[in-house]
Amino acid sequence: IYGRDGDDYVVMASYAGAPAHPDWYLNLDADPEVVIQAGEDVMAATASTVPDDDRDRVWAIMTAIWPDYDEYATKTTRKIPLVRINPA
């Protein structure tokens, strides 16, 4: 599931509320240069974690698309990362 924030794509590393971050998030954190596909569009991009000062606004974008993210947040003590993917 992805959302849009302007020209950027946003994904959530929810892992359905599991206690640890998903491996794909750890991989992006280690190497943020990615190639993504959205529909038929394939593009190079750079991934970054949404900063705390923008988190609530972006969280609302994603929960409007998939409300279960709010439930996932109640299942874990970790702060679920939101990932901004900025096309090159």
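Residues numbered from 1 in each chain as written. Predicted model: local features only at pLDDT ≥ 70, side-chain atom pairs only at ≥ 80, totals over all residues. Heavy atoms only, no water.

A.B. asks: Please set out the side chain of R78 residue by residue, giving values where relevant.
C.D. replies: Secondary-structure assignment places R78 in the loop between α3 (68-74) and β5 (82-87). Polar contacts involving the side chain of R78 include one to the main-chain carbonyl oxygen of A20, which spans 3.4 Å. When sequence neighbours within four positions are dropped, the list of residues in contact with R78 reads A13, S14, Y15, A18, P19, A20, H21 and P22. (Helix = DSSP H or I, 4+ residues; strand = E, 2+ residues; numbered from the N terminus. Polar contact = N/O pair within 3.5 Å; in protein donor to acceptor, adjacent residues only side chain to side chain. Contact = heavy atoms within 4.5 Å.)

A.B. asks: Account for the packing of aromatic side chains, with residues named and values stated.
C.D. replies: Inspection of the entire model under this criterion finds three aromatic pairs. Ring geometry for Y2 against Y9: centres 5.4 Å apart, planes inclined by 65°, an arrangement best described as edge-to-face. Judged by relative accessible area, which is 42%, Y2 ranks as partly exposed. Their ring planes at 85° and their centres at 6.5 Å tell us that W24 and Y25 sit as a pair that is edge-to-face. A relative accessible area of 36% means that W24 is categorised as partly exposed. Note on Y25: relative accessible area 10%, which makes it buried. R4 extends its terminal NZ or CZ atom over the ring of Y9, reaching a point 3.9 Å from the ring centre. (Phe/Tyr/Trp six-rings, centres within 6.5 Å; stacked < 30°, edge-to-face > 60°. Buried < 20%, exposed > 50% of the residue type's maximum accessible area, 1.4 Å probe, protein only. Lys NZ or Arg CZ within 6 Å of the ring centre and 35° of its normal.)

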